[in-house]
Structures are given as C-alpha cells and as structure tokens.
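Residues per chain, in single letters:
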Amino acid sequence: MTEYTKKVYLDYAASTPLCKESREAMENVMQTVYANPSAVHALGRAANVCIEQARSTVADCLHCGRENIIFTSGATEAINLTINNICADYSIKTLISSPLEHSAVIHTLQHISKTKNIPLLNVEHDKYGNIDNEHLTNLLAENSASLVVLMHGNNETGQLTDIEAIGQMCRQYNALFFCDMVQTIGKYELNLPQMNVDFAVGTAHKFYGPKGTGILYLSKKVSPLLLGGAQERNIRAGTENIYGIVGTAAALNAQMSNVNSQLQHIQHIKKYCIEKLLQNLPQIIFVGNCQNGGMEHIINFYLPDTEMDILSMQLDMAGIALSSGSACSSGTERISHVINALNINSKTLRLSFGKQTSTDDIDFFIQNLILFI
Ligand code: PLP
C-alpha cells in the first residue's frame, strides 16, 4: 500500500505548484488591499500602485518597457482576442502558422480564417517538428500583409524554435509576428525587444504563479481586447485581477532570480531520465529531438506495441502524474494533433520537469514503468 501513497509530479508543462514568493505576495495584497484600483481616493490609488509595480517587475524581467505589458486572464484569452484584433487593425491578408501550435492558436486561426475569409497557410516542418525556414521565407515572399503565428517552445515535444530568425524574416517581408511563449517565459532569460517578436504571450501558472493570469507583450498597438473601461491602458477593460497580477510578478521575479541554476538542475534531470529510459527500454522512441536539444523540461516518447494510454492510467494509479496529449485536450483527442502532425501513429507520454523534480522521482517513475510493460 505504501508505495501507492507516494506522488510524483511529472506534468510541469501543464501547470506548476504555486511558489512561496507568489503566495506571500498575494496573501499580503488580499489582506491589505481591497479598494478598486480605478478609484481616485488614496486606497484606490494604493491598489493601482500594486498593479503598476507588478507591471514594472514583469517588464524588467522581460527587458521591455512597462507600456509593452498587459495583464490578461491567461494565454488563451490573449491569443484569441489579440490575434483577432491584429487581423482587423493591420488588414491582414494571410495567416501563416503551423499544425504544431497549441490548440488555442489553431482554433483561433481557423475561426478567423473561416469568418473573415483570410487564407491560413501552414509552414512545413521536419520529423522533429523544426520549422522549415526556407518554406516560411517562400510563403512570406509570395504573400503580402501576413501575420505569422509560431510558438517559441512546443508544449508537447519540447522543440525550441529560433524565433529571432523568424522575426527577422518577418521584418524583411513586412509581416507581423505573434509568438506563443507560454513554455519559455519564466524558464529562460529572455530579452523580448531583441527577439524580433511584435506580440507575445505568457501565463503565470507555467512558472509557479497563480492560474488564470497571463501576460501579453505588445510592441505595436492593438484595439481594445475588452471594452467598457480604461483599465490596462484602455486595452482590457474590467476591474483588474489584482491578486493574480501581483502573484504573476512575484513568481516571474522569483524565477528570474535563479533561472540559470534552475535550468542546470532541470537539464540534469532530463539527461538522467533519458539515460535511464534508454538503459531500461532500448526500444523507446523519442518524439522531437530531446536527446540533442529542445527545452530542458520536456521529454515525449512512446514504446512500440504498447498501449500508451493504458500505461498512463497505470502510472497514474501508481501515483505518477504525467500527460498524454496536451493537458487542455487530454481525454478528448485520440492522438494529439501535434503527434498526428509529426506522422506518429501512436499515443505518446509527455514527462515534464520542474524545480522540485528529483532523481528519486525519476527512479520511481522508471521502476513503475518497467513494472507495467
Ligand atoms: N500555449 C501553450 C504553448 C500552452 O502550453 C498553454 C497551456 O497549456 C496555452 C497556450 C494556454 O495557456 P492558458 O492556460 O494560460 O490559457
């Protein structure tokens, strides 16, 4: 019985536990700040100061200006509303993206393409999921007034895209570039203005902050996402989620204060896990190029002739939390759309690591994995 009470969390790409810094910052605001941040009296102004301090902290962490940062309810909201408005504001004639994007992006683009009659073109990729830059250049050369929507780090395979290079190509062809940076903001030292992205999104719950708060980076204007008030620089009306905003800033700040040592730890865990998997299961097939690169926190794999969804249920029953498909859609998809787009005809398992993951967790996972196959 005892081994079943142990819990091993290997699903950090889906969400992370709240860090102490974020929790304390939110508790403090919850206990002391209650006025409406838009109220003109002193208590309202004090609430507004909390939000503006949080904005400065986030801007400093991402090396951009405060005016570039808008707080939203998460990445999905920012993706939906911003892309929609960019298309209208900039008279976009072509959408260029990839079937490897998160479903929030794919569904938004498909909807816009259908309702606004804007062609949606997909950039080709190789078997690991690397974007074909030559194909992207051709698409940009053939289509004017394009919006390119490509992610930085893939949430399923861990593949990293050279977004500086993509942003450079977009500039060359006068295209706009929207980047989903949900899996990389808070995990790497990023200087957004130097990355050639026009618009980017992040979300606090992926970097040990609260769920339901996101960051939208705007280097160009967009029309209001929500109407009805002057909050968030007239871009997102509605009384601000002050606790979430303060918690987001505290979490990002805490992350960036030791981002490199954390990265080293997670790199070590990934290497250890890959070695153990190869030693014990030589038949393993990795998805993407995790053995030679990609983000440190993700490994995706399958075992030939093995029912991967049954395996994931057995592991769950043994106390191990991991993902098959993406968390937002698991249970609703047969094979994840990303795995499908990579022409892999098997369900896969995604392991994702965080700062609390230990080699003991990996050993426990491997012991159980061997037991069940
Ligand atoms: N984009 C990527 C790459 C993600 O991994 C996720 C969450 O899983 C999202 C977007 C959606 O983020 P949110 O949960 O803030 O809506």
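Keep in mind the model is a prediction, meaning the values are calculated, not measured. (Residues numbered from 1 in each chain as written. Predicted model: local features only at pLDDT ≥ 70, side-chain atom pairs only at ≥ 80, totals over all residues. Heavy atoms only, no water.)

**Overview of the site of the ligand**
Then, number 1: Surveying the vicinity of the ligand reveals 13 residues, the closest of which are Ala75, Thr76, Asp180, Thr203 and Lys206.
Then, number 2: His205 is positioned with one of its side-chain polar atoms (N or O) 2.9 Å from an oxygen atom of the ligand.
Then, number 3: A total of 390 Å² of accessible area belongs to the ligand in isolation, and the protein chains cover 89% of it.
Then, number 4: Residue composition of the shell around the ligand, by class: 4 nonpolar, 7 polar and 2 charged. (Near = heavy atom within 4 Å. Polar contact = N/O pair within 3.5 Å; in protein donor to acceptor, adjacent residues only side chain to side chain. Areas by Shrake-Rupley, 256 points an atom, 1.4 Å probe, with all protein chains shown as cover. Nonpolar A, V, L, I, M, F, W, Y, C, P; charged D, E, K, R; others polar.)

**What about helix H3 (residues 42–62)?**
Along an α-helix, a turn takes 3.6 residues, which lines up residues three or four apart on a common side.
Then, number 1: Between its terminal C-alpha atoms H3 stretches 30 Å, which fits the 30 Å expected from 21 residues at 1.5 Å a residue.
Then, number 2: Those residues of H3 not exposed but buried are Gly44, Ala47, Cys50, Ile51, Glu52, Ala54, Arg55, Val58, Ala59, Cys61 and Leu62.
Then, number 3: Buried positions along H3 lie against strand S2 (69–72), strand S8 (214–218), helix H8 (231–234) and helix H9 (242–257).
Then, number 4: Taken from the residues just after H3, His63 is the one with a positive phi, measuring 60 degrees. (Helix = DSSP H or I, 4+ residues; strand = E, 2+ residues; numbered from the N terminus. Expected span 1.5 Å × (residues − 1). Buried < 20%, exposed > 50% of the residue type's maximum accessible area, 1.4 Å probe, protein only. Contact = heavy atoms within 4.5 Å.)

**Concerning the sheet that holds strand S3 (residues 94–97)**
Strand pairing in a sheet relies on backbone hydrogen bonds. The paired strands run either parallel or antiparallel.
Then, number 1: Within the open sheet, the 7 strands sit side by side as S2-S8-S7-S6-S5-S3-S4. Their pairing is mixed. Two strands bound the open sheet, and with one partner strand each, they are S2 and strand S4 (120–122). Sheet twist, expressed as the average angle between the axes of neighbouring strands with direction ignored, equals 20 degrees.
Then, number 2: Sheet topology places S3 next to S4; 3 bridges connect them, and they run parallel. Residue Ser97 lies in a different strand from S4, and its bridge partner there is Asn122.
Then, number 3: Across the sheet, H3 touches S2 and S8, and the angle it forms with S2 is around 115 degrees. (Pairing = 2+ DSSP bridges. Axes fitted to C-alpha atoms, helices over the stretch in contact; angles between N-to-C directions.)

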